[in-house]
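Listed below are the residues making up each chain.
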Amino acid sequence: MSLYRTELRRLTKRRFTRYMTLLGLLVLVAVVLGTFFTNQKLDADAVAGAERQADRQYQEQVRWSEQERAACEAAKAAGTPNDGRYPDDCSMITAPPREAIEASWFLPSTFNFRETFPETLIPFAAILALVGFVIGASFVGAEWSSGGMMNLLLWRPKRLTVLLTKLAALLTGMLAVTLPAAVAWFAGFWLVATFRGTTEKVTSGVWQSVTLTGLRAVVLVLVVTTVGFALASLGRHTAMALGGVVAVAVVGQFGLGILLEMANVRFPQVWLLPTYVLAWMQKKVTLQDWESCNATVFGECKPETFDITWQQSSVLLVVGVAAVLGAALWAMRRRDIS
Amino acid sequence: MPAVLEIEGLRKTYKSRRRGTRNALDGFDMRVEAGQVHGFLGPNGSGKTTTLRTLLGLIRPDGGRMSILGHQVPEALPVVAGQVGAIVESPQFFPHFTARDTLSLLASAGDVPANRVDEVLELVGLRDRAGERVKTYSLGMKQRLAVASALLKNPKLLILDEPANGLDPGGIREMRTLTRNLAESGMTVVLSSHILGEIQLICDSVTIISLGRRVAFGPVDEVLAQHSSGAVRVRLEAVSDLPAAADALTRSGIRVTGQDDHLMLAGVDKPAAVTRILAEQGLYVSELSPVTVDLESVFLELTATAPVPGQHRQVDQSLKVGGPEQSGATGGGWGA
Ligand SMILES: Nc1ncnc2c1ncn2[C@@H]1O[C@H](COP(=O)(O)OP(=O)(O)OP(=O)(O)O)[C@@H](O)[C@H]1O
Ligand SMILES: [Mg+2]
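Worth saying up front: this structure is predicted, and the values here are computed from it rather than measured.

1. Here we look at the overall build of chain B
Piece 1. The secondary structure content of chain B amounts to eleven helices and 14 strands.
Piece 2. Principal axes of the C-alpha set define a box for chain B whose edges measure 75 × 50 × 45 Å.
Piece 3. In chain B, buried positions account for 48% of the 336 residues.
Piece 4. Taking all contacts inside chain B whose residues are at least 6 apart in sequence as the whole, residues at least 24 apart take part in 68%.
Piece 5. For chain B, the accessible surface area stands at approximately 15600 Å², while carbon and sulfur atoms represent 49% of it.

2. Section: the overall build of chain A
Piece 1. Looking only at helices and strands, one finds ten helices and four strands in chain A.
Piece 2. Traced from its N-terminal end to its C-terminal end, chain A shows the element sequence α-α-α-β-α-α-α-β-α-α-α-β-β-α.
Piece 3. By its C-alpha atoms, chain A is 100 × 50 × 40 Å across when sized along the principal axes.
Piece 4. In chain A, buried positions account for 40% of the 338 residues.
Piece 5. Once local pairs closer than 6 in sequence are excluded, the contacts in chain A between residues at least 24 apart make up 76%.
Piece 6. Just so you have it, chain A exposes about 18500 Å², and 65% of that area is on carbon and sulfur atoms.
Piece 7. Taking the 31 positively charged and 25 negatively charged side chains of chain A as two groups, their mean positions are separated by 24 Å.

3. Re the pairing of strand β9 (residues 205–210) of chain B
One face of the sheet, then the other: side chains in a regular strand alternate in exactly this way.
All names here are of chain B.
Piece 1. Of all six residues in β9, six are buried, a share of seventy percent or more.
Piece 2. Where strand β3 (residues 37–41) lies against β9, four bridges are found, and the strand directions are parallel. Bridge assignment links Leu-41 to a residue of β9, and that residue is Ile-208.
Piece 3. By the bridge criterion, six bridges tie β9 to strand β10 (residues 213–219) in an arrangement that is antiparallel.

4. Describing the coordination of the magnesium ion (ligand 2)
Piece 1. Here the magnesium ion (ligand 2) is held by Thr-49 of chain B (OG1) and Glu-89 of chain B (OE), and the distances to it run 1.9 Å. In this pair, Thr-49 of chain B sits in helix α1 (residues 48–55) while Glu-89 of chain B sits in the loop between β6 (84–87) and α3 (99–109), placing the two residues 40 residues apart along the sequence.

5. Observations concerning the domain arrangement of chain B
Piece 1. Taken domain by domain, chain B holds domain 1 (3–225) and domain 2 (231–290).
Piece 2. Domain 1 of chain B and domain 2 of chain B are separated by 43 Å when their C-alpha centres are compared.

6. A closer look at the packing of aromatic side chains
Any pair of aromatic rings gets described here by the distance separating the centres and the angle formed by the planes.
Residues and elements named next belong to chain A.
Piece 1. What the rule picks out here adds up to 15 aromatic pairs over all chains.
Piece 2. The interplanar angle of 35° and the centroid separation of 5.4 Å between the aromatic rings of Trp-190 and Trp-207 together place this pair among those described as tilted. Highlighted residues: Trp-190 in helix α6 (residues 159–196) and Trp-207 in helix α7 (residues 204–235), separated in sequence by 17 residues.
Piece 3. We classify Trp-207 as partly exposed; its relative accessible area is 33%.

7. A short note on the environment of Ser-338 of chain A
Piece 1. By secondary structure assignment, the location of Ser-338 of chain A is in the segment after α10 (310–334).
Piece 2. Linking Ser-338 of chain A and Lys-284 of chain A, residues 54 residues apart in sequence, is a C-alpha distance of 47 Å.
Piece 3. Contacts of Ser-338 of chain A, omitting those with residues within four sequence positions, involve Arg-236 of chain A together with Arg-53 of chain B.

8. Structural notes on the site of ligand 1
Residues and elements named next belong to chain B.
Piece 1. Around ligand 1 sit 14 residues in total, of which Gly-45, Lys-48, Thr-49, Thr-50 and His-194 are the nearest.
Piece 2. Tyr-14 places a polar side-chain atom, nitrogen or oxygen, 3.4 Å from a nitrogen atom of ligand 1.
Piece 3. Take Lys-48: an N or O atom from its side chain is 2.7 Å from an oxygen atom of ligand 1.
Piece 4. Those elements that provide at least two residues to the shell around ligand 1 are β2 (20–33) and α1.
Piece 5. The element that contributes the greatest number of residues to the shell around ligand 1 is α1, accounting for three residues.

9. Looking at the pattern of salt bridges
Pairing between side chains of opposite charge can happen when their charged atoms approach one another.
Piece 1. The final tally for this structure, using the stated rule, is 29 salt bridges over all chains.
Piece 2. Across the pair Arg-235 of chain B and Glu-287 of chain B runs a salt bridge whose closest N-O atoms are separated by 2.6 Å. Placement of the pair is Arg-235 of chain B in strand β11 (residues 232–236) and Glu-287 of chain B in strand β14 (residues 285–290), with a sequence separation of 52 residues.
Piece 3. One network of salt bridges, in which partners are shared, links Glu-7, Arg-10, Glu-143 and Lys-166 of chain A.

10. Observations concerning the interface of chain B and chain A
Piece 1. On the side of chain A, 28 residues touch chain B, which itself brings 34 residues to the contact.
Piece 2. When chain B packs against chain A, the two sides together hide about 2600 Å² of surface, and 59% of this comes from carbon and sulfur.
Piece 3. Connecting chain B to chain A are two salt bridges.
Piece 4. Our count for the contact surface shared by chain B and chain A stands at 14 residue pairs in polar contact (both at pLDDT 80 or more).
Piece 5. Of all elements in the fold, only β1 (3–16), α2 (77–80) and α3 of chain B reach the threshold of two or more residues within the side of chain B that touches chain A.
Piece 6. It is α3 of chain B that provides the largest number of residues to the side of chain B that touches chain A, a total of seven residues.
Piece 7. A breakdown of the residues in the side of chain B that touches chain A according to their chemical character gives 20 nonpolar, seven polar and seven charged.

11. Considering the environment of His-96 of chain B
Piece 1. In this fold, His-96 of chain B is placed in the loop between β6 and α3.
Piece 2. Accessibility expressed as a relative area gives 35% for His-96 of chain B, which makes it partly exposed.
Piece 3. Each residue touching His-96 of chain B, except ones within four places of it in the same chain, is listed here: Arg-15 of chain A together with Arg-133 and Lys-135 of chain B.
Piece 4. A polar atom in the side chain of His-96 of chain B sits 3.1 Å from the side chain of Arg-133 of chain B.

12. Some words on the domain arrangement of chain A
Piece 1. Partitioning chain A into structural domains gives domain 1 (3–41 + 111–334) and domain 2 (44–106).
Piece 2. For domain 1 of chain A versus domain 2 of chain A, the distance between C-alpha centres works out to 50 Å.

Criteria and thresholds
Residues numbered from 1 in each chain as written. Chains lettered and ligands numbered in written order. Predicted model: local features only at pLDDT ≥ 70, side-chain atom pairs only at ≥ 80, totals over all residues. Heavy atoms only, no water. Helix = DSSP H or I, 4+ residues; strand = E, 2+ residues; numbered from the N terminus. Buried < 20%, exposed > 50% of the residue type's maximum accessible area, 1.4 Å probe, protein only. Contact = heavy atoms within 4.5 Å. Areas by Shrake-Rupley, 256 points an atom, 1.4 Å probe, with all protein chains shown as cover. Lys, Arg positive; Asp, Glu negative; His and termini not counted. Charge placed at Lys NZ, Arg CZ, Asp CG, Glu CD. Pairing = 2+ DSSP bridges. Donors = N, O, S within 2.8 Å, 3.2 Å for Na, K, Ca; no water. Domains from an automatic or database assignment. Phe/Tyr/Trp six-rings, centres within 6.5 Å; stacked < 30°, edge-to-face > 60°. Near = heavy atom within 4 Å. Polar contact = N/O pair within 3.5 Å; in protein donor to acceptor, adjacent residues only side chain to side chain. Salt bridge = Lys/Arg side-chain N within 4 Å of Asp/Glu carboxyl O. Buried area = accessible area lost by both parts, 1.4 Å probe. Nonpolar A, V, L, I, M, F, W, Y, C, P; charged D, E, K, R; others polar.

Right, here's the structure in full:
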């Protein structure tokens, strides 16, 4: 217990932890503020304005097509060779019908809580996961490379206990940041929706769904934090974790993506990690293969699809964490420390 | 006296695919008794740090037995860790914490009362600089911090691997008094150092290691005496008795060289034997002193690392007990 408290103290004492957390939270605040200022409430004025703008656009189109038709006819009369600029029949140049120009195109963007909020949880999770990853990696990585780990082991010779206690303290810290941040995120976007959009149709079912998505975001943050911690402990250096991730991202993902593309694999995204992260957050990702065609009864051509569910993602997350953390613990048990 | 630290047949082999295997420790033995200040000496790369790391559970041995305070280690390390304070070869600390924070984190991890932190900071002379980040410390200040961290637990066994490294002359002398005081208060201290004058001043006994094996051990004066190759100076009350004495001693198989006012003896196992032989002849000894050699020369002789003019000795070029390089002069059966 004293070790756990000590590690919590160590974690919060570190300036890197503080600055990274602050940075992450500032980015989150910036996202909320940005959304606030780029959205507007749709009142009667805004709708009328959009209507007016659509009208104006229509008039412009009419004017322009008349000009063009006149020019076309003039060219025809003058007998200048048609260089493909105008159609043979000048009367084909007409303005689009008025209905084709929708007023909704000219509506300012507005924040619909029910429709848009769930999507915002993805950047929320991504930003905090990144923060968790580097904090987790540096927390144990700096400890290894500075010799602090060796010092600590002279006091606490049970190596696995030491490593797991550090991890527990780290996750506690991350949770202490992520949970309030999530609550603030909900509240922030509720305010955005209230003042710059709509909170219509947010039923208890919607609440339940976004709460679950929020929880999955928190879980994702903790998982990524654990992976950062384990990688840095395995490599005994913060940079090892970051380097490992870059290697996986560049070689494993881009390289693999290109290779799969060349090999003409049907659903290349199945092999790419971000798909699973997305599936975890959205509950489902539907991949489409545009090269195949499934004719429907209506005669349309529907691409073949492939679903990746959050359950599949969860299996991947569990296996991934188990593998990396297991390797870190195994190395911790076996290695010579110098 | 009970042994606080016992090592028997310790082995540690480093394997490398390219360079093959290296026996850093090759059946090393060591024994430290309670309340002693014990010097742990050896040339560079002889295995001192490896021994201490292994003892502290940082390195996994390939064979041998070790015990601390009567407990088998590394198995019982969790039990004894609270009673063993250690610094291992210029320890490093997280550079962005202050000395006080560093110690306070260690203290709380080890359930040591917080006021102990200020006590040890005072003890090592860092009181006024304790609020500064370790990054800004000089080498000697870091070394002092390391000593402080080892003292924090108020241990029964204190292991210091080159504690004088980087200390100023005043610091070295303070270290010496500190060590003596700690030993007087009942602490057992194991001290590895290359400053042999220092070791000779503060240690009760020593272990000398070379290429992973023990080449000598025992109380400092015994080790010195044994390796002054038994040279002893004898004076008698009456100078006129010297020839008679020389006679008697020669008959007992001792090589004697006569001088004006004294005799030089060689090959004396026990100086007491000389007194007995002379007393039997009715000759009375006024002075009987082993010719002093200092620890440094004994060390150089024992480890065969004395510099030879015109040669550059390489590390690992030292005496191997039981090995082919063993020379007659040092093959006196010390160690093993
Ligand atoms: N991690 C390692 N891998 C391979 N060999 C090692 C390793 N650590 C130590 N050694 C070797 O083990 C031997 C003993 O090293 P050790 O550090 O114990 O020497 P030492 O007696 O402390 O020397 P010094 O007086 O220079 O501090 C050396 O030959 C060294 O090269
Ligand atoms: Mg050493």
